[in-house]
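One letter stands for each residue in the lines below.
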Amino acid sequence: MTSDLEFYDRLKDLKIPNSVAIILDGNGRWAQKRNLPRELGHKAGCDTLEEIIDYASKIGIKYLTVYAFSTENWKRSKEEIDALFRLFKLYVPIIIDNAHKNNSRCYIIGDLSRFSKEMQDTCKMLMEETKSGTNMVFTMALNYGGRDEIIRAINKLFIAKITEHNNKEWTKKELDNLDITEDSFKNYLDTNIIPDPDLLIRTSGEMRLSNFMPWQLAYTEFYMPETLWPDFHKEELVKAIESYNKRDRRFGGRK
Ligand code: FPP
């Protein structure tokens, strides 16, 4: 078995991506392969997530953002959704404990208004309890959809502009000087505290974005291994970083 030290050795001359996003996929298939209920696949996925959060903070990733529950995941059976949120509640104290140990901050993106008050309070508590962490920001996307986020951002921006203008009638000059730019718009997105990801990982061999951060991933490098999420241990993250280091990022320019 490869030790942590060997992993650190493999990373020592590599550039560690500052901001990493992960689409956690394959929990169901992992369980199915073992004739286990899907819930146990999600439980194994939570254990792997705990390991990867800890390792990411140790190797110097500064922002780790994971797609945990999408706006489309409500189409799953009630049993599976209930099981996922039972797991979430079970893991919150562990996530907080680990965040304190690693001096990390936890953050949540997505439209929380669809959740019960209890769930919303749990999310607020998770953010509040860890808000002084400075080593890494770990973000979970819950009831998150990228298009939904953009539409919510447009609504927030619209309300801000109307309020700023004090409900007066707009002159042509004022409309010409609205000053809505990519940079100003970004501030209205849920991810306004997170730099655009350098690296996106999607496990289980699926080659789709599935509505995950379409705005933010415009120039991100993709890594999509066949590995199912519960099997994505430290070494898989090391391989992802090795692959990232072979990319030539030009952001549309030329060398
Ligand atoms: C995808 O696997 C995974 C999810 C829908 C949820 C994964 C989230 C976690 C394990 C993190 C904890 C978060 C919560 C909300 C408990 P899949 O079920 O789509 O796998 P499949 O494609 O193989 O069926």
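Keep in mind it's a predicted model, so treat the numbers as computed, not measured. (Residues numbered from 1 in each chain as written. Predicted model: local features only at pLDDT ≥ 70, side-chain atom pairs only at ≥ 80, totals over all residues. Heavy atoms only, no water.)

Q: So what's going on with the layout of surface pockets? Which residues, and what values?
A: The volume enclosed by the largest pocket comes to roughly 780 Å³. Together, 40 residues line the largest pocket, and L24, N27, Y67, A68 and N73 are the ones closest to its centre. Elements supplying a minimum of two residues to the lining of the largest pocket: α2 (27–33), α3 (38–59), β2 (63–70), α4 (78–101), β3 (104–109) and β4 (136–144). Residue contributions to the lining of the largest pocket peak at eight residues, all from α4. When its residues are assigned to classes, the lining of the largest pocket shows 20 nonpolar, 11 polar and nine charged. Each pocket or cavity is described by its volume, and for the second largest pocket that value is around 220 Å³. Lining the second largest pocket are 13 residues, with D196, W215, Q216, A218 and Y219 sitting closest to its centre. Taken together, the residues of the lining of the second largest pocket break down into five nonpolar, two polar and six charged. (1 Å grid on protein atoms, 1.4 Å probe; cavity = no way out; pocket = protein on both sides within 12 Å on 5 of 7 lines; lining within 4 Å. Points joined across faces, edges and corners; volume = space filled by probe spheres on them. Helix = DSSP H or I, 4+ residues; strand = E, 2+ residues; numbered from the N terminus. Nonpolar A, V, L, I, M, F, W, Y, C, P; charged D, E, K, R; others polar.)

Q: Before we move on, can you summarise the side chain of D198 with the specific residues and values?
A: Positionally, D198 belongs in the loop between α8 (182–186) and β5 (199–202). There is a polar contact of 3.0 Å between the side chain of D198 and the backbone nitrogen of N18. Look past the residues within four positions of D198 in its chain and what remains in contact with it is P17, N18, S19, T220, E221, Y244 and R249. (Polar contact = N/O pair within 3.5 Å; in protein donor to acceptor, adjacent residues only side chain to side chain. Contact = heavy atoms within 4.5 Å.)

Q: Describe the sheet that holds β2, and please don't skip the residues or the numbers.
A: Spatial ordering of the open sheet is given by β3-β4-β2-β1-β5-β6, a layout of six strands whose pairing is parallel. Across the chains shown, the open sheet's two edge strands, defined by having one partner strand only, are β3 and β6 (221–223). Each neighbouring strand pair of the sheet contributes to a mean axis angle of 20 degrees, computed without reference to strand direction. Pairing geometry for β2 and β4, over seven bridges, is parallel. By the bridge assignment for β4, S70 is matched with Y144. (Pairing = 2+ DSSP bridges. Axes fitted to C-alpha atoms, helices over the stretch in contact; angles between N-to-C directions.)

Q: Run through the site of the ligand, naming residues and quoting values.
A: In the vicinity of the ligand lie 18 residues, with G28, R29, R38, R76 and L84 positioned nearest. The separation between an oxygen atom of the ligand and a polar side-chain atom of R76 is 2.8 Å. Counting atoms within 2 Å of the grid points, the majority share of the ligand lands in the largest pocket. Going through the elements one at a time, α2, α3, α4 and β4 are the ones with two or more residues in the shell around the ligand. Sorting elements by how many residues they give to the shell around the ligand places α3 first, with five residues. Grouping the constituent residues of the shell around the ligand by class yields eight nonpolar, six polar and four charged. (Near = heavy atom within 4 Å. Sits in = over half its atoms within 2 Å of the grid points.)

These figures come from the coordinates and say nothing about function on their own.
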